[in-house]
Amino acid sequence: MAYVPLALVLAGMAAYTVLAGADFGAGLWTLLAAGPGSHAVAIREHARHAMGPVWEANHVWLIFVLVVCWTGYPVAFGSISSTLAAPLLIAAIGIVFRGAAYALRGVADTSRPAEYLFALSSILTPFALATAVGAIALGRVPVGNARGNPVTSWLNPGSVLIGVLAVAFSAYLAAVYLAADTTRSTQRSLLPAFRRRALIAGVTSGALALAGLLVMRNSGLDLTRGAALVFVVISGAAGLGTLALCWRSAFGLARLTAALAVTAVVAGWAAAQAPRLLPGMTVTQAAAGRSTLIALLIAVAVGAVILIPSLALLFTLYLRGHLDTPEHHSPEITAFGDDTPALAPGGAAAPAPGDASVPASASVTHGDASVRARARTRGGAAIVGLVGGSGLLILTNSAWTHALGVLLLVLCAVSVFSLAAPSPRAD
């Protein structure tokens, strides 16, 4: 009975890694496809459109993992969340900013600050979450409230490598999924680009995974024996199969083998760590009382009756193309909003900045410089608020410093929202 909630947690982690991980990877590809060229714009639009129907639903699995973990293993969850407050806070901030940037990007449409915020958050979030997983896997989270080091518990070579590997896995999954999506969309011309990205990301992920085996073994987590080794072999075989399928442009099956390769990594970690949950605490010792576990399993079963069919319907509609409704935008849209000429008093079209009657230096250069200055100010305020607020909340204990930390985080949020919003046109 004590292991059943853990099995549910691992299943939720695998689902979150495979589904939300691909969404995070799509953000990385939008960052690497920077530039005003039509090909780069097409890549960013395809990644954004492919995520549209499912990106919010994928976070259901993270909520599921957290709820099952704190209900089924309350002492362990308290130890983890207190020692690893920093990476978990960073991941939470990244998820919030990423969602806000995605939504604002849909309204502001071509706001480049929103795109950059979305892409950077898509890298930071899986990295932070994976370093927290690495800290647990390497036994750096002792039992007790904030007993572990708040910095070195997750910022160490092994945990950082796992964070980098998570980002690489996300890019790998996203490239394979996006390549598959090009075969049923109007973006077939992008298939070679995403095929190339899938191959590069697959080779990179495999190399990092092999390096990770050595680092994990030296750090106290041996994945080269027993059941863990079986899952490692399965992951490697699925990864090689995915590369072969991508080479042949068989992306429908490649999507399944890529998911299997990543899922096997999660299973291998669990097999290598069992029966230890935290140092000095086994899964059986960490489990809540029998009545709590029974109530938890009943609640999960009841929720699954609603959740599983709903998600199955969503993904079925998505994969069959029934949710493919590409957005159409006016070609006059520019980097800072609608460029349609404004009406002057009396209903006549106002002179465009490029007209001979309006000096270019006065209407364009001055406006662009003003926009850049405001963006730098807001960006600086966001960084100060994020770093200062997080530091005060994590590293201090007094009430007034916590209050100041909350205010700084509010400043960060306000600055980010204003930064991601479309900039007004200069008059």
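Residues numbered from 1 in each chain as written. Predicted model: local features only at pLDDT ≥ 70, side-chain atom pairs only at ≥ 80, totals over all residues. Heavy atoms only, no water.

> Explain the confidence of the model for the chain to me, and be specific about the residues and the numbers.
Averaged over all residues, the pLDDT of the chain equals 81, while 82% of them reach at least 70. When pLDDT is averaged over each helix and strand of the chain, the minimum, 35, is found for strand β3 (residues 333–334) and the maximum, 95, for helix α4 (residues 74–83). Confidence drops under a pLDDT of 50 for residues 326–358, and excluding neighbours within four residues, the segment shows 36 contacts in the predicted structure. Every residue in residues 360–364 scores below 50 in pLDDT, and together they form seven contacts with partners more than four places removed in sequence or on other chains. (pLDDT = per-residue confidence, 0-100. Helix = DSSP H or I, 4+ residues; strand = E, 2+ residues; numbered from the N terminus. Contact = heavy atoms within 4.5 Å.)

> Go over the environment of Ile294, please, and point to the residues and values.
Mapped onto the elements, Ile294 comes out in helix α12 (residues 290–319). On the accessibility criterion, Ile294 (34% relative accessible area) is partly exposed. The spatial distance from the C-alpha of Ile294 to the C-alpha of Pro5 is 9.9 Å, given a sequence separation of 289 residues. (Buried < 20%, exposed > 50% of the residue type's maximum accessible area, 1.4 Å probe, protein only.)

> Lay out the nonpolar core in plain terms, naming residues and giving numbers.
The biggest cluster of nonpolar side chains holds 104 residues, and the ones touching the most others in it are Leu84 and Val176. At 15 residues, helix α7 (residues 157–182) tops the list of elements feeding residues into this core. Residue contacts for Val176: discarding those within four places in its chain leaves Ala198, Thr242, Cys246, Phe251, Ala254, Arg255 and Ala258. (Core = buried A, V, L, I, M, F, W, Y, C linked by side-chain atoms within 4.5 Å.)

> For the packing of helix α9 (residues 226–247) against helix α10 (residues 251–273), give the residues involved together with the corresponding values.
Working note: a packed helix pair is described by the angle between its axes plus the distance between those axes. The contact between α9 and α10 brings their axes to 8 Å, and the two run at 160 degrees. Classified by the angle between their axes, α9 and α10 sit roughly antiparallel to one another. The handedness of the crossing between α9 and α10 is left-handed. Its residues placed into classes, the contact of α9 with α10 shows 18 nonpolar, six polar and no charged. (Axes fitted to C-alpha atoms, helices over the stretch in contact; angles between N-to-C directions. Parallel < 35°, antiparallel > 145°, perpendicular 65-115°, else oblique. Left-handed = near helix turned anticlockwise from the far one by under 90°. Nonpolar A, V, L, I, M, F, W, Y, C, P; charged D, E, K, R; others polar.)

> I'd like to hear about the packing of helix α1 (residues 3–32) against α12, residue by residue, with values.
At their nearest, the axes of α1 and α12 sit 12 Å apart, and the two run at 25 degrees to each other. By the criterion of interaxial angle, the relationship of α1 to α12 is roughly parallel. Helix-helix and strand crossings are classified by hand; for α1 and α12 the assignment is left-handed. Contacts between α1 and α12 pair Val4, Pro5, Leu8 and Leu19 from the former with Leu293, Leu296, Leu297, Val300 and Phe315 from the latter. Split by residue class, the contact of α1 with α12 holds nine nonpolar, no polar and no charged.

> How would you explain a nonpolar patch on the surface if you had to name every residue and give the values?
Taken together, the side chains of Met1, Val4, Ile294, Ile298 and Val302 present a nonpolar region at the surface, about 410 Å² in accessible area. Residue contributions to the nonpolar patch peak at three residues, all from α12. (Patch = residues over 30% accessible without salt bridge, like charges linked within 9 Å, V, L, I, M, F, W, Y side chains within 5 Å. Areas by Shrake-Rupley, 256 points an atom, 1.4 Å probe, with all protein chains shown as cover. Salt bridge = Lys/Arg side-chain N within 4 Å of Asp/Glu carboxyl O.)

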